[in-house]
Amino acid sequence: MKTNKFFILLLALSTLLLQSCLKDQEDIFDKSSSLRMQEVLDKTKAALTGNANGWALDYYPDRNLSYGGIAYAIQFNGTAATVYSQESEKSETSLYKLTNDNGPILSFDTYNSLMHAYATPSSSEYEAKDGDFEFIIMDVQSDVITLKAKRSGNIMYMRRLSQPAKDYIAAVQDIEEKMYSGKYAFVIDGDSIITRRSKNVFTFTDPNTGESTDIPFLTTPNGFEFKEAVTIMNKEVTGFTYSDNGIWANPADNSVALATIPQPLSELFINQNWFFKASAMSEAALQYFTYVKNGSAGEGENVNYMILGPNDILGYSGAYGFSFISGSYGGSLIINPYIIDEKTIFLEFASKGEGDGVWYFQNAKYNYAIAAITGAKGFTYELTCDDPKNPTWVKMEQLENPDMYFTVFKEEIASPFDN
């Protein structure tokens, strides 16, 4: 049997090449994987604890980014982490750890009501708000640490602070208050595009294409920072920098700006979502809503949320109405809102619903909620609030029957009959 000399030559060359590659690999990976892992953890520990001011965390819960970004600041001391959030006036200290779980992990594994606010499940949210408290360490630099949330997969950044964590969050809260509005406009070369804000997400419709775009953003001490650059009317926009004149320019192109549009309370009210709780209803109103509670109980369910406002909060069309979650089911009963004046509205039932709204209306006594809110022919409400520019609660007093009133809240309220 003849042997192909060319084949023998190729075999010899491939063996030499393989040996060469193996040698190169040995040169590159001259340390064990466990040793390299420990070096990353040690480098992260040194960075986190090496700055007394702490680190800002651009926190984006939910893989769909439906809440936008929340500003956190964290001071690390030994194994303790003191957490500050723009959504709280107080800090909270708990433990953290750096560990190996198929990669280097920063874990806030002991309960912290601030750090776990979007990650703690409940009877109404068994997956919580898709938030994270464990992060894969992707890169460690002197001023920026890149993280990947284990659950949502969102990329987040920790940034070295040059001021104390407490002061950083106070500055964020100050800018948030100054730049807050229920209604904004993007001003581009003199043209305006109305945009709506829900949580920390802007939504606008391109007038040329009719396409709607959501823009998640984070509040910083300098203004609003988009998670990613967005093209608006052929302009690249990365965010808006605060200034005292009320017109906030885009740092990437100052021909684009953000302006607030003042809203009367009545308009602001019908464009946002408001949460009911039983303890903030009049006795007369609560009698009606008790039927709703009992109707859900008859289905073996608890009422998890009751909401007045655009029903897109539950993923429906955005029509105004009374929306709810009962057990694991949701629905909306559509209401037509009419503005009478700056502090007065008229609400009228539209006799239709979305999701399981009509079923609960017909079978689980949810018609009593409509009876309380609109009656058969509609009711008129006078509105009062704590802050006309940025209310956290609004009291609705029924003019047809002064014994009927509700106070509804901007903050999400779960289990309304327990509050």
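Within every chain, residues take consecutive numbers counted from 1 along the sequence as written. In view of the model being predicted, local features appear only for residues whose pLDDT reaches at least 70, and side-chain atom pairs are presented and counted only at 80 or more, with totals across whole chains, interfaces and linings using the full set of residues. Here the side-chain values reflect all heavy atoms present in the structure, with hydrogen atoms and water set aside.

**Structural notes on the layout of surface pockets**
Over the atoms, a rolled probe matching the size of one water molecule traces out where space is still vacant.
Okay, so step 1: Cavities and pockets were defined on a 1 Å grid built from protein atoms only: a cavity is a group of points that admits a 1.4 Å probe but offers it no way out, a pocket is an open group of points flanked by protein on both sides within 12 Å along at least five of seven lines, and a lining residue is one with an atom within 4 Å of any such point. Grid points are joined across faces, edges and corners, and a volume is the space filled by probe spheres set on the points. Taken as a whole, the second largest pocket encloses approximately 220 Å³ of empty space.
Okay, so step 2: Around the second largest pocket, the lining comprises 17 residues; the ones closest to its centre are Y168, T220, P221, N222 and E225.
Okay, so step 3: For the lining of the second largest pocket, the elements supplying multiple residues, two or more each, are β1 (55-59), β13 (212-220), β14 (223-232) and β15 (235-241).
Okay, so step 4: Think of it this way: any DSSP run of H or I at least four residues long counts as a helix, any run of E at least two long counts as a strand, and we number them from the N terminus. In terms of residue count, the dominant contributor to the lining of the second largest pocket is β15 (four residues).

**What to know about the side chain of T220**
Okay, so step 1: Tracing the sequence through the fold places T220 in strand β13.
Okay, so step 2: Each residue is placed in one exposure class: buried if its accessible area under a 1.4 Å probe, protein chains only, is under 20% of its type's maximum, exposed if it is over 50%, and partly exposed if it falls in between. Look at T220 and you get buried, because its relative accessible area is 10%.
Okay, so step 3: Between two residues, a contact is recorded if the distance between any of their heavy atoms is within 4.5 Å. When sequence neighbours within four positions are dropped, the list of residues in contact with T220 reads V172, I175 and E225.

**Section: the packing of aromatic side chains**
Okay, so step 1: The aromatic pairing rule takes the rings of Phe, Tyr and Trp, using the six-membered ring of Trp, and pairs them if the centres are within 6.5 Å, calling planes under 30 degrees apart stacked, those over 60 edge-to-face and the rest tilted. Taken as a whole and assessed by the stated rule, the structure comprises 33 aromatic pairs.
Okay, so step 2: Ring centres of Y59 and Y72 lie 5.1 Å apart, and the angle between their planes is 65°; on these two criteria the pair is classed as edge-to-face. Taken together, the residues span a long stretch of sequence, with Y59 in strand β1 and Y72 in strand β2 (residues 70-77) at a distance of 13 residues.
Okay, so step 3: Given the relative accessible area of 0%, Y59 is considered buried.
Okay, so step 4: Ring geometry for F276 against F406: centres 5.8 Å apart, planes inclined by 90°, an arrangement best described as edge-to-face. A residue pair is termed long-range when its members are at least 10 positions apart, and F276 in the loop between β18 (274-275) and α5 (283-298) and F406 in strand β25 (residues 405-409) qualify at 130 residues. Here the two residues F276 and F406 agree in accessibility, since each one is buried.

**Section: the nonpolar core**
Okay, so step 1: Counting 38 residues, the largest nonpolar core has F269, F276, F289, F322 and F406 as its most contacted members.
Okay, so step 2: Apart from residues no more than four positions distant in its own chain, F406 is found in contact with F276, A280, M281, A285, F289, A372, I373, Y381, V394, K395 and M396. Note on terminology: a nonpolar core comprises buried Ala, Val, Leu, Ile, Met, Phe, Trp, Tyr and Cys residues joined through side-chain atoms within 4.5 Å.

**Quick notes on helix α3 (residues 165-179)**
Okay, so step 1: The span you would expect from a helix comes to 1.5 Å times its residue count less one. Relative to the 21 Å expected for 15 residues at 1.5 Å per residue, α3 spans 21 Å between its end C-alpha atoms, a close match to the ideal helical length.
Okay, so step 2: All buried positions along α3 are accounted for by A165, Y168, I169, V172, Q173, I175, E176 and M179. Taken end-on, α3 shows its buried residues confined to a sector of 165°, consistent with a single buried face. Counted as exposed and oriented over 90 degrees from the buried face of α3: K166 and E177. Starting at the helix axis, one direction is taken to each C-beta atom, and the arc is that of these directions.

**Quick notes on the pattern of salt bridges**
Okay, so step 1: Salt-bridge detection follows one rule: a side-chain nitrogen of Lys or Arg within 4 Å of a carboxyl oxygen of Asp or Glu. As enumerated under the stated definition, the model contains 15 salt bridges in all.
Okay, so step 2: Among the salt bridges present, the one from D101 reaches K150, with a minimum N-O distance of 2.8 Å. Of the two residues, D101 sits in the loop between β5 (97-100) and β6 (104-107) while K150 sits in the loop between β8 (144-149) and β9 (155-160), which places them 49 residues apart along the sequence.
Okay, so step 3: Linking E176 and R197 is a salt bridge whose minimum nitrogen-to-oxygen distance equals 2.9 Å. Taken together, the residues E176 in helix α3 and R197 in strand β11 (residues 191-198) connect sequence positions 21 residues apart. Note on accessibility: E176 and R197 belong to one class, buried.
Okay, so step 4: Look at the salt bridges and you will find they share partners, linking R63, D130 and R151 into a network.

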